[in-house]
There are 2 protein chains.
Amino acid sequence: MKKLDLLTLGDELLLGLRANSHLDYLGGEFARHGLPLRRNLVVRDEPADIEAAFRDCWQSAVIVVTTGGLGPTSDDNTREAIARVLGLPLELDPAAEAAISERFLRAHRTMTDDDRKQCYRPRGAQLLPNRHGTAPGIYLEKDGKILVMLPGPTNELRPMFVNEVLPHLQEAGALQSSEAYLQLRTAGVPEIQVEQRIRPIVNKYPGLGLAFCAHQGQVDVRIAPGARDFGPGELKAIGQEMRAVLDEDFVCFGHMTLAEVVLEELHARGATLALAESCTGGLLANAFTDIPGASEIFLGSVVSYSNDAKVQLLDVPEIILAQHGAVSAETALAMATGAAERIGADYALSITGLAGPTGGTAELPVGTVFLGYTSPNGAWSRKVHYSGDRLTVKARAVHGAIDWMRRKLLKYQAVDLLAASAGSSS
Amino acid sequence: MKKLDLLTLGDELLLGLRANSHLDYLGGEFARHGLPLRRNLVVRDEPADIEAAFRDCWQSAVIVVTTGGLGPTSDDNTREAIARVLGLPLELDPAAEAAISERFLRAHRTMTDDDRKQCYRPRGAQLLPNRHGTAPGIYLEKDGKILVMLPGPTNELRPMFVNEVLPHLQEAGALQSSEAYLQLRTAGVPEIQVEQRIRPIVNKYPGLGLAFCAHQGQVDVRIAPGARDFGPGELKAIGQEMRAVLDEDFVCFGHMTLAEVVLEELHARGATLALAESCTGGLLANAFTDIPGASEIFLGSVVSYSNDAKVQLLDVPEIILAQHGAVSAETALAMATGAAERIGADYALSITGLAGPTGGTAELPVGTVFLGYTSPNGAWSRKVHYSGDRLTVKARAVHGAIDWMRRKLLKYQAVDLLAASAGSSS
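Residues numbered from 1 in each chain as written. Chains lettered and ligands numbered in written order. Predicted model: local features only at pLDDT ≥ 70, side-chain atom pairs only at ≥ 80, totals over all residues.

Caption draft 1: Up close: the relation of the copies chain B and chain A. In screw terms, the move from chain B to chain A is a rotation of 180° and a rise of 0.0 Å along the axis, fitting with an RMSD of 0.1 Å. In the structure described here, the two chain copies are related by an operation that fits a two-fold rotation axis. (Least-squares fit on C-alpha atoms with pLDDT ≥ 70 in both.)

See the structure below:
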């Protein structure tokens with residue numbers, strides 16, 4: 001396995017100003033191409049810090065990828081610092097200069113000397129065109145090693161990675177052609193229980209590569225060729241064994257979100273979806289509308305923060321609000337059925353609860369959430385409790401609600417199939 | 001300045017399975033306490049990798065904080081690896097064992113040998129109690145250096161940091177008592193323009209610490225004591241100079257989101273807010289409902305993905321949809337006024353557009369967005385265009401819409417004041 005280090009530059013990452021999303025994206029992309037990241041170093045924009053970190057990476061890794069610090073501002077020092085470590089002079093690239101100055105012309109802006117910094121590259125390196133910004137990337141093969149330098153803005157980095165970097169690395173023979181691991185996604189069970197349930201299977205296959213990731217009620221299991229170099233077919237068979245013991249807690253192979261799994265199931269049924277939410281305040285709808293093509297299935301949602309909005313927009317009976325309160329099983333169910341009726345959908349899911357930090361009582365502490373669901377198979381409500389701060393409760397409630405709906409869809413599909421097969425054999 | 005390194009452990013971070021949110025949180029918290037992070041190293045759960053990275057950090061830094069790998073599963077190796085580097089034996093802590101086994105009893109679960117791993121600490125170290133999970137943290141002072149080891153789950157790490165780690169570091173004299181920098185938040189202008197506008201001011205104060213962070217249409221400027229050790233009063237005066245040249249592009253001092261600034265302004269006016277959104281699909285409402293206490297001002301929102309939902313829930317006239325289409329200035333305005341009327345709010349903001357990836361036309365390409373706004377001062381619509389993929393367009397549209405509302409609030413407050421003062425002087 002080629003040693004791959006990612007060097008992420010930017011004071012703002014270390015000061016808590018911005019999330020290091022490049023690590024997620026590049027780590028995931030590289031892993032899928034059989035080139036898992038060994039390390040990620042995040043350092044300040046100081047030239048001395050960049051030099052020290054890059055020297056360390058360049059000595060011990062075979063491929064080094066850097067992000068950030070290629071722009072025109074005074075804290076963009078990556079190009080210069082790395083050229084110094086490599087002992088290479090920086091040279092003006094006339095083609096890049098022409099491309100950038102044309103970009104400025106089109107935007108009716110004047111190119112300054114600061115902007116011109118971006119047209120330089122270490123001797124022997126290639127510039128990677130940037131279709132979404134000014135700073136080009138840099139690609140260099142030297143002493144049997146590969147250096148890739150990418151601009152910091154996400155919307156510039158990602159297309160450049162796909163369109164420029166992957167082809168270069170493919171050509172250099174650094175990538176694996178097939179998927180490098182198999183992922184089983186589970187929901188609703190803690191990591192330790194997932195591990196305990198699959199451990200007998202893991203023990204049967206010594207040397208199997210294994211990693212867990214728990215994130216908000218969801219646990220991903222990744223199995224990889226590992227020390228014994230299991231082939232894709234073997235991994236698939238092991239994955240199916242694990243799926244069987246995980247039963248309905250198994251969500252999917254791969255990277256689908258719970259919302260994607262639910263949308264796909266509704267799509268297969270030719271059905272439509274409406275939502276109604278109070279304490280999650282739009283986050284439930286957002287989980288579905290993040291998915292391209294969601295509009296074929298998802299019709300609309302009501303974020304009913306006030307009682308008035310519940311009555312006006314969802315026809316929740318005032319007597320239910322008065323008698324049972326806004327945070328109750330009765331209101332959750334009325335929200336779901338109201339959303340389905342008003343929006344004209346086959347299925348509807350609702351959430352009402354207390355995300356906090358204030359508003360809790362002894363009877364209904366912060367974190368109390370009621371879910372409502374209506375479907376052609378029936379309508380249900382459910383009481384749950386999520387601990388954590390406001391944002392955690394919101395996220396967990398959304399996750400729990402969609403997982404609950406997923407299980408209902410699974411269950412009533414199974415019953416239908418049983419009924420159908422019983423019918424056909426009788 | 002004490003050199004502070006963060007060592008974040010977990011294969012899942014390097015494989016793109018989970019965001020390194022500990023870096024954001026701890027980086028931000030440390031910066032606020034005058035102890036900016038020097039580096040963050042992210043390495044795999046492999047004992048050899050942990051040992052190498054920790055050895056590097058422990059040699060060159062004064063304070064080292066680690067996260068992750070303290071739990072009971074087989075890929076939790078941090079405690080053992082670090083004890084080896086420190087040359088310290090691991091000792092069972094009977095108090096921790098009692099606390100954890102009680103936790104298991106309460107949860108009606110049986111404590112296994114794997115679980116018991118969590119009760120060990122390097123000789124001389126203190127365990128930090130974990131009120132939200134099983135794995136305690138570890139605190140050690142040795143050879144004039146400080147080691148802090150925190151569990152990986154966010155909801156365990158954060159309270160432990162606030163309740164246990166900060167007091168320990170305070171006592172050790174590692175923290176600054178006052179805020180360590182001043183932040184100016186701007187919106188609607190690119191980083192390079194922000195820098196150009198404030199550069200004359202920066203040039204007047206050589207040695208001033210300066211960092212920029214651009215994130216989706218927002219640029220933060222942080223000024224710090226720097227080489228010349230500017231005092232808090234001086235920083236404030238420099239910040240005010242910058243604010244003046246930034247004019248209405250200045251959002252706030254500090255860390256408030258645009259939604260917080262808008263909610264605060266509406267709160268000051270005793271006014272209420274409703275929303276209506278199509279292509280942003282709940283993300284606009286979510287920006288407001290992330291804020292504790294939002295329910296005092298924000299009443300509700302309609303996510304009207306289908307035309308039917310726009311008619312049924314927002315009273316958008318069918319003739320407007322038929323004549324101008326769902327993505328039009330007319331529909332945006334009708335959505336805003338419909339939301340204000342139906343939900344009974346003083347102000348309403350709406351978004352309708354095409355987030356993509358499909359559905360664009362020559363006239364209305366993907367990324368076309370119309371905003372609508374209604375207020376006691378009048379109602380407006382606005383056409384904008386955002387480039388990027390689906391999630392980027394959603395995020396930018398939400399950001400652009402709230403910033404547009406912020407500027408309208410600012411402008412019509414000013415006009416009202418002028419009108420009032422003109423009235424009183426005549």
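Further notes follow.
Caption draft 2: A look at helix α10 (residues 258–268) of chain B. Of the residues making up α10 of chain B, those classed as buried are L258, A259, E260, V261, V262, L263 and L266 of chain B. G270 of chain B sits one or two residues past α10 of chain B and shows a positive phi near 65°. (Buried ≥ 20, exposed ≤ 12 C-beta atoms within 10 Å, placed from the backbone. Helix = DSSP H or I, 4+ residues; strand = E, 2+ residues; numbered from the N terminus.)

Caption draft 3: Molecular detail of the domain arrangement of chain A. Along its sequence, chain A is organised into domain 1 (4–171), domain 2 (182–253) and domain 3 (258–423). Inter-centroid distance (C-alpha atoms) of domain 1 of chain A to domain 3 of chain A is 44 Å. (Domains from an automatic or database assignment.)

Caption draft 4: A look at the nonpolar core. Ranked by internal contacts, the top residues of the largest apolar core, which has 135 residues, are L7, V148 and V221 of chain A together with L7, V148 and V221 of chain B. In this structure V148 of chain B touches V65, Y139 and V165 of chain B, once residues within four positions along its chain are discounted. (Core = buried A, V, L, I, M, F, W, Y, C linked by C-beta atoms within 7 Å. Contact = placed C-beta atoms within 7 Å.)

Caption draft 5: A look at the interface of chain B and chain A. Opposite the 68 residues of chain B that make contact, chain A presents 68 residues. It is strand β14 (residues 298–304) of chain B that contributes the most residues to the side of chain B that touches chain A, 7 residues altogether. Of the residues contributing to the side of chain B that touches chain A, the split by class is 32 nonpolar, 21 polar and 15 charged. Note that strand β2 (residues 39–43) of chain A and strand β2 (residues 39–43) of chain B share 5 bridges and pair antiparallel. Note that in β2 of chain B the partner of L41 of chain A across the bridge is L41 of chain B. (Nonpolar A, V, L, I, M, F, W, Y, C, P; charged D, E, K, R; others polar. Pairing = 2+ DSSP bridges.)

Caption draft 6: Focus on helix α7 (residues 154–171) of chain B. Residue and element names in this part refer to chain B. Across its 18 residues, α7 extends 24 Å between first and last C-alpha, which sits within 8% of the 26 Å expected from 1.5 Å per residue. When the local axis directions of α7 are compared, the greatest deviation, roughly 45°, occurs at F161. Against the buried residues of α7 lie α2 (21–32), β3 (63–67), β6 (126–128), β7 (137–142) and β8 (145–150). Note on α7: the residue one or two positions beyond its end, G173, has a positive phi of about 75°. (Expected span 1.5 Å × (residues − 1). Bend = angle between axes of the 7 residues up to and from the residue.)

Caption draft 7: Layout of the sheet that holds strand β9 (residues 182–187) of chain B. Residues and elements named next belong to chain B. With respect to topology, 4 strands assemble into an open sheet ordered β10-β11-β9-β12, the strand pairing being antiparallel. Since the sheet does not close on itself, it has two edges, and those belong to β10 (209–215) and β12 (250–253), each with one partner. Taken over all neighbouring pairs, the strand axes of this sheet differ in orientation by 20° on average, direction set aside. In the packing of helix α8 (residues 191–204) onto the sheet, contacts are made with β9, β10 and β11 (218–224), and the angle to β10 comes to roughly 160°. (Axes fitted to C-alpha atoms, helices over the stretch in contact; angles between N-to-C directions.)

Caption draft 8: Here's a closer look at the environment of L150 of chain A. Residue and element names in this part refer to chain A. Tracing the backbone through its elements, the reader meets L150 in strand β8 (residues 145–150). Taking C-alpha positions, L150 is 18 Å from S74, a pair spaced 76 residues apart along the chain. The residues contacting L150, other than those within four sequence positions of it, are V65, T66, T67, G137, L157, M160 and F161.

Caption draft 9: A look at the sheet that holds strand β12 (residues 250–253) of chain A. Residue and element names in this part refer to chain A. Overall, antiparallel pairing links the 4 strands, which are arranged β10-β11-β9-β12 in an open sheet. At either margin of the open sheet sits one strand with a lone partner, and together these are β10 (209–215) and β12. Strand-to-strand, the axes of this sheet are offset by a mean angle of 20°, without reference to chain direction. Those strands touched by helix α8 (residues 191–204) are β9 (182–187), β10 and β11 (218–224), and its axis lies near 160° from that of β10. Contacts from helix α9 (residues 232–246) reach β9, β11 and β12, with the element oriented near 10° to β9.

Caption draft 10: Just the packing of α8 of chain A against α9 of chain A, in detail. Residue and element names in this part refer to chain A. Taken N-terminus to C-terminus, the directions of α8 and α9 make an angle of 145°; their axes are 10 Å apart at the nearest point. The crossing of α8 and α9 is right-handed. Counting all contacts with α8, which are made through R197, I198 and I201, the residues of α9 involved are I238, E241, M242, V245 and L246. Split by residue class, the contact of α8 with α9 holds 6 nonpolar, no polar and 2 charged. (Left-handed = near helix turned anticlockwise from the far one by under 90°.)

Caption draft 11: A look at the confidence of the model for chain A. Counting all residues, the mean pLDDT for chain A is 92, and 96% of those residues have values of 70 or more. The ipTM for the predicted assembly is 0.82, set against a pTM of 0.83. (pLDDT = per-residue confidence, 0-100.)

Caption draft 12: Region of interest: the pairing of strand β7 (residues 137–142) of chain A. Residue and element names in this part refer to chain A. The pairing of strand β6 (residues 126–128) with β7 spans 3 bridges and is antiparallel. Directly across from L127, in β7, lies its bridge partner I138. In the sheet, β7 pairs with β8 via 5 bridges, with the strands oriented antiparallel. In the sheet register, Y139 faces β8, and the bridge partner there is V148. In sequence, β7 turns back onto β8 through a hairpin of 2 residues, with D143 there showing a positive phi of about 55°.

Caption draft 13: Quick peek at unusual backbone geometry. Omega for the peptide link from G356 of chain A to P357 of chain A comes to 5°, which places this bond in the cis form. Mapped onto the secondary structure, P357 of chain A falls in the loop between β15 (347–353) and β16 (368–375). One non-glycine residue, D247 of chain B, lies in the positive phi region at around 55°. Structurally, the position occupied by D247 of chain B is in the loop between α9 (232–246) and β12. Note on D247 of chain B: 10 C-beta atoms within 10 Å, which makes it exposed.

Caption draft 14: Local environment of the pairing of strand β3 (residues 63–67) of chain A. Residue and element names in this part refer to chain A. Summarising burial for β3: 5 of the 5 residues are buried, a large majority. What you see with β3 is no split at all: I63, V65 and T67 on one side and V64 and T66 on the other are buried throughout. Both β3 and β8 contribute to a ladder of 5 bridges, which runs parallel. For I63, the partnering residue across the bridge sits in β8 and is I146.

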